[in-house]
Amino acid sequence: MIKQTGNRDNDYSFDEYLYVRDHFNYYRDDPFFQALVKKHAGDDYNEIHQALEALSDKASFYYRDLAAEGGTIENRVKITKLKHYDAYNHRIDRLDRSSETVALEKEVLGLGLFDPKMNTPWSRFVKCFLLYQNSEAGVMCGFGGTHGLIALMEKYEQSGTLSPEAIEALAHCREGRDYKGEHEYASAGQYMSEIQGGSDVGANQVEAEFIEEEGKDGKAGVWRIYGKKFFCSATQSQYTFLTAKPKNTDSDTQVATFLVPAWLPENREKEIRNGYTIDRLKSKLGLSELPTAEITFNGAVAYPVGPLKDGMANIVGVVLALSRFHVAFGTAAGMLRMYREASLYAQFRKAFTLPIAQFPMMANQLHDLEITAKRTSAGCFKLYDEARDLNEKLAAGLKELEAIADLSHRRRLYRLREMILLQKIVVAHDGPTFTRQAISTFGGHGIMEDFSAFPRLMRDGLIQELWEGPRNVLLTQIHRDFGRVKEWYPAADFVRDILIGAPENVIEPLAKRFQKVIDHPHLMMNDQKTRDICREWEQLSAHMVHAYQDQALIELNFQEKAETFSQLKKKFKNRNTDQTTDYTAKPITTNAPEKETEEA
């Protein structure tokens, strides 16, 4: 330790670190991200590479700053506020979101990521991965919900079973439509959970009833929704994908799926909600910029999506599968950012005269963060590559799978279904542990809301772990699935198939353990043997997914070393000298009127 006298005029500054951190371009300056894209993009690489460079110039700076401002304490408080009535006693249930969040949502939706004229499924995926480095930010949950709604509606688009209104809504979300002089892409929420059931969607009590008589809204011969939904996120969206039990039908004890517009077309300008009230907004631990509400439906006009009897299969196999995939690769993207910023800080910050990155304990910690971030990202890219190869056609349920005569293709679709579940469980569980380690790199500064994005990412990660089903529920579901398919897909074979290319001394022990877990009859009996199997299953699920991720990272064969703090500082100074436009210098605020805030 150096002995020195005090200095009342301490001039210590973080500016050098901030300069490097805030000039880092998420895609242009990350050779690992580029390597992932190059390996998996195939013939489309050059086009996608250029598109990502252009988007990264915005996402890394302008979008980043919008997300940061929208996540401030003041704006998180704001999102719990709701204006039920206007000055003339009209019920409007207007949301009060920050102008930064509204601007960011408009930017992201304006990318037309589902529009086939503007993007392919692959370009959508990699652009989403880039956007997720700024966290959910009050935007990406609605985007994931929109993905699920579009995928399910496309499944029935050519069958003639969708109503004209549902087809128009699909076009609004996918191709967009003109509204107030601009081309607008709509978003959609997913309202499934109710107060009594949570993840037990089958216990839902909200009803759908076909009503011939004309209602106060002028609509006759339509389905209407009645009852309460308790966790309704992305409440700002123009459409909702909703579950309800269809009254007076042969399926009245089963969950069906419906599209519900937030406003009927003629009532959007008047802010007259479509037969429902937003009772209150939740004050959540994480995803705080995203409005989540308790809603009462009292005759909302709704349009069925798919056969009424297939609701649960469509929810689990298509809609929730895509949402769970978003949880996984969104978490992976956040990991890449956190590792990068933690590593840069550790190279900048000195203690006892040395950069803290040089201390063995910190070096180990950074190494663990790097490996976790890279293998998680590689695993997500590898799994999406499989989904893309299957044209994102997810099987709605096991009955649909078993109708496929080609056993090889049936197994492939089943592998994708179960790996999406396993990946979500493990990545979402890894996320908070990863973020805690990244935060500790900053010491006491790590818990400061305005020092880095990490506290926001930590809160979001805790929510993602529960989003679309907590770990224990999903592990139980997977165990039940494998018990049902054991005649045509033994558990041990599943492990061997997902780990092709891995060493045999990795594959076979995992295959043996998994077969033992699945051979246990079920996980619903509270005896000691079942509890032991459950504990083994929790540990094994992580080992299996980590082995899959490790193999994906090996296949990437990425050898390049990251640029050091000093190298990046020199590069960024040269870049700013050479370029005529500094794309870090973007405005971060907009002044959207309150009504436009609601409808953006």
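The shown structure was predicted, so the numbers you read here are calculated from the model rather than taken from an experiment.

Secondary structure assignment for the chain yields 19 helices and 13 strands. Against the 2.2 N^0.38 benchmark of 25 Å for 600 residues, the chain shows a C-alpha radius of gyration of 25 Å, consistent with a compact globule. Partitioning the intrachain contacts of the chain with sequence separation of at least 6 by distance along the chain shows that 73% fall at a separation of at least 24. When the accessible surface of the chain is totalled, it reaches about 26,600 Å², and 52% of it is carbon and sulfur. A gap of 4 Å separates the mean positions of the 76 positive and 86 negative side-chain charges of the chain.

Our focus in this paragraph is helix α1 (residues 15-22). Those residues of α1 lying buried are Y17, V20 and R21. The arc that holds the buried residues of α1, viewed along the axis, is 100°, so those residues lie on one side.

Residue placement: H40 occurs in helix α2 (residues 31-41). Within the structure, the side chain of H40 is placed 3.0 Å from the side chain of D385, a separation counted as a polar contact. Each residue touching H40, except ones within four places of it in the same chain, is listed here: W122, F381, K382, D385 and R388.

Positive phi, close to 60°, is recorded for E271, a residue that is not glycine. One can find E271 in the loop between β9 (256-261) and β10 (276-281). A positive phi angle is found at T353, which is not glycine, with a value near 75°. Inspection of the secondary structure puts T353 in the loop between β12 (350-351) and β13 (354-355).

As paired elements, strand β1 (residues 82-85) and strand β2 (residues 91-95) share three bridges and run antiparallel to each other. Each residue of the ladder has a partner; that of L82, found in β2, is L95. Remark: five residues form the turn of the hairpin made by β1 and β2, two consecutive strands paired antiparallel; N89 in that turn has positive phi of roughly 70°.

Within the structure shown, the criterion is met by 47 salt bridges. Between D493 and R411 there is a salt bridge whose closest N-O contact spans 3.7 Å. A residue pair is termed long-range when its members are at least 10 positions apart, and D493 in helix α15 (residues 491-498) and R411 in helix α12 (residues 407-440) qualify at 82 residues. For D493, a relative accessible area of 24% gives the class partly exposed. For K571, the salt bridge goes to E563, with nearest N and O atoms at 2.8 Å. Taking relative accessible area as the criterion, E563 reaches 34% and is therefore assigned partly exposed. Linked through salt bridges whose partners overlap, the residues forming this network are R21, D22, R64 and D65.

Scanning all chains against the criterion turns up zero disulfides. Free cysteine: C173, not disulfide-bonded; nearest cysteine sulfur from C141 at 14 Å. Overall, C173 belongs to the buried group, its relative accessible area being 2%.

Basis of the calculations
Residues numbered from 1 in each chain as written. Predicted model: local features only at pLDDT ≥ 70, side-chain atom pairs only at ≥ 80, totals over all residues. Heavy atoms only, no water. Helix = DSSP H or I, 4+ residues; strand = E, 2+ residues; numbered from the N terminus. Rg over C-alpha atoms; globule rule 2.2 N^0.38 Å. Contact = heavy atoms within 4.5 Å. Areas by Shrake-Rupley, 256 points an atom, 1.4 Å probe, with all protein chains shown as cover. Lys, Arg positive; Asp, Glu negative; His and termini not counted. Charge placed at Lys NZ, Arg CZ, Asp CG, Glu CD. Buried < 20%, exposed > 50% of the residue type's maximum accessible area, 1.4 Å probe, protein only. Arc of directions from axis to C-beta. Polar contact = N/O pair within 3.5 Å; in protein donor to acceptor, adjacent residues only side chain to side chain. Pairing = 2+ DSSP bridges. Salt bridge = Lys/Arg side-chain N within 4 Å of Asp/Glu carboxyl O. Disulfide = S-S within 2.5 Å.

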